[in-house]
Each structure stands twice: as C-alpha cells, then as structure tokens.
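Residues per chain are reported as follows:
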Amino acid sequence: MVQQEHIEKEKVADTDHELLNLLKQRYSPRIFSDQELREEEMQTLFEAARWSASSNNWQPWRFIYAHKGSDTYDKIAECLGEFNQSWATNAPVLMLSAYKKTNPEGKENFHALHDLGMCLGTMAIQAEHMGIALHHMAGLDWKKAHNIFKVPEEYHITTGIAIGYYGGTLSDLPEKLQEAEVAKRKRKPQEEFAFKNEWRTI
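Read on for a plain summary of the structure. Quantities reported herein were computed from a predicted structural model and do not represent experimental measurements. (Residues numbered from 1 in each chain as written. Predicted model: local features only at pLDDT ≥ 70, side-chain atom pairs only at ≥ 80, totals over all residues. Heavy atoms only, no water.)

### With respect to the sheet that holds strand 1 (residues 61-67)
Okay, so step 1: Across the sheet, which stays open at both edges, the 4 strands sit in the order 1-2-4-3 with antiparallel pairing between neighbours. Whereas interior strands pair on both sides, the edge strands pair on one side only; in this sheet they are strand 1 and strand 3 (132-137). The mean inter-strand angle of the sheet, taken between neighbouring strand axes irrespective of direction, is 25°.
Okay, so step 2: Pairing geometry for strand 1 and strand 2 (residues 93-100), over 7 bridges, is antiparallel. If you follow H67 over to strand 2, its bridge partner there is V93.
Okay, so step 3: In the packing of helix 2 (residues 39-50) onto the sheet, contacts are made with strand 1, strand 2 and strand 4 (155-165), and the angle to strand 1 comes to roughly 170°. (Pairing = 2+ DSSP bridges. Helix = DSSP H or I, 4+ residues; strand = E, 2+ residues; numbered from the N terminus. Axes fitted to C-alpha atoms, helices over the stretch in contact; angles between N-to-C directions. Contact = heavy atoms within 4.5 Å.)

This is the structure we're talking about:
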C-alpha cells in the first residue's frame, strides 16, 4: 500500500516551458476533500462555462448535476462504468455533460462537441482557481443516462464529471488505484502532436 495517507495538492506538472500556475496545477484526482460544494460555487463554475467560446455563440453545452446524498446523485453514479463507480462517489458532486447536436435551424452543429470541450476547459481552469478539481470520465452508459433523465433526441450525453475540492484520503480508493493517485504526471512531448509546415505521422 502507498504510504502517504492524506493527499495534499502537490502534483504540479514538470513542464518543458513555463506556464500559468493554474495550468500546471490542474489534474484529475480520484479522491476529494469532504468539504461540501455550495450552490454558489457551482453557479460560479457554470458562469465560467457560460462565457467560454462557441461557434456562432450557440452555446450548445448542457449539464445535469447533483450533490452527494441525493437520489439524482445516485442515478448519475448508476450511469457510470464499473471502474468509475469504484472511486467517483468520493466526490461531493457528480455531473453529466451533454451537447445539442443541432443548430437553431435544426441542422447538424458539427462543432458542438468541440464547443463542449472548450466550455469544460474554461470551467476546469475556473475550478482550479477556486481549489476545486474536475475529473472528466468517458466511461459511462450514455444511453442509460438518456433513458433515466429523459434527454431529448437532439441532445447527446457525453461525459461524467466528478467535482470536489482537492484533498482526501488514499484509503478511500481501492488499493490498486492508490499508486496511480500519487504517481508523477506524464505527457507526450510536443514533437508528437505539433507539426510545423507539414503533417507527420508519429
């Protein structure tokens, strides 16, 4: 078992170039402080989302969220994949993200998923400024979520998100996840994704 029992916010990225501290400090924990998130704090996160960039200012993002202890929280957890269920209920808030697939004219909005990503990135940096972590999860049964929450056809549930203040106790995690929680963060080098003048296949 990993020896460090209590987790503090100290997983700062070892970047190759100097970045804003908020970008270096942001990461996706699987344990959280037991400090509750007030509704005012959630509204601040959604205000950040509201002012993020979107194609034609259509703002196609949508969210369903719930605080721990509520029936809706349990319903969101029920939609998560088995692996994510093993840790995500450490978070005081669970949320589902979605986007509107069509534009105001009813045609496909090709950039809606991009805009949702922009929105969540903006929300994540605002959260970091507040000492709050967002852990985005691709592992969920979106069809089940659509059925449970009666989501209209023109929308698509996309990800689950665990939200809470940084902190928490390692023993709240299954033992096999404890080492990953304290491991050094890694990223691909820029040369593998940023190509000057021509495309390269890596």
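### Details of the environment of K144
Okay, so step 1: Here K144 lies in helix 6 (residues 142-149).
Okay, so step 2: Take K144: its relative accessible area is 29%, and that puts it in the partly exposed class.
Okay, so step 3: Each C-alpha atom, one on K144 and one on K100, is 18 Å from the other, the two residues being 44 residues apart in sequence.
Okay, so step 4: Not counting residues within four places of it along the chain, the set of residues in contact with K144 comprises E78 and C79. (Buried < 20%, exposed > 50% of the residue type's maximum accessible area, 1.4 Å probe, protein only.)

### Overview of helix 6
Okay, so step 1: Sitting at the head of helix 6, D141 places a side-chain oxygen 3.3 Å from the backbone nitrogen of K143.
Okay, so step 2: One or two residues past the end of helix 6 sits K150, with phi positive at roughly 55°. (Polar contact = N/O pair within 3.5 Å; in protein donor to acceptor, adjacent residues only side chain to side chain.)

### What about the packing of aromatic side chains?
Okay, so step 1: Tallied over the full model, the rule gives 4 aromatic pairs.
Okay, so step 2: Measuring from centroid to centroid gives 5.2 Å for Y27 and Y166, while their planes differ by 35°, and the two rings are tilted. Here Y27, found in the loop between helix 1 (21-25) and helix 2, pairs with Y166, found in the loop between strand 4 and helix 7 (175-182); they are 139 residues apart in sequence, far enough to count as distant.
Okay, so step 3: Between F46 and Y65, the aromatic rings sit 5.1 Å apart at their centres with planes inclined by 50°, giving tilted as the arrangement. Of the two residues, F46 sits in helix 2 while Y65 sits in strand 1, which places them 19 residues apart along the sequence.
Okay, so step 4: Classification of Y65 as partly exposed rests on a relative accessible area of 28%.
Okay, so step 5: An aromatic cluster of at least three residues, connected via ring pairs, comprises F46, F63 and Y65. (Phe/Tyr/Trp six-rings, centres within 6.5 Å; stacked < 30°, edge-to-face > 60°.)

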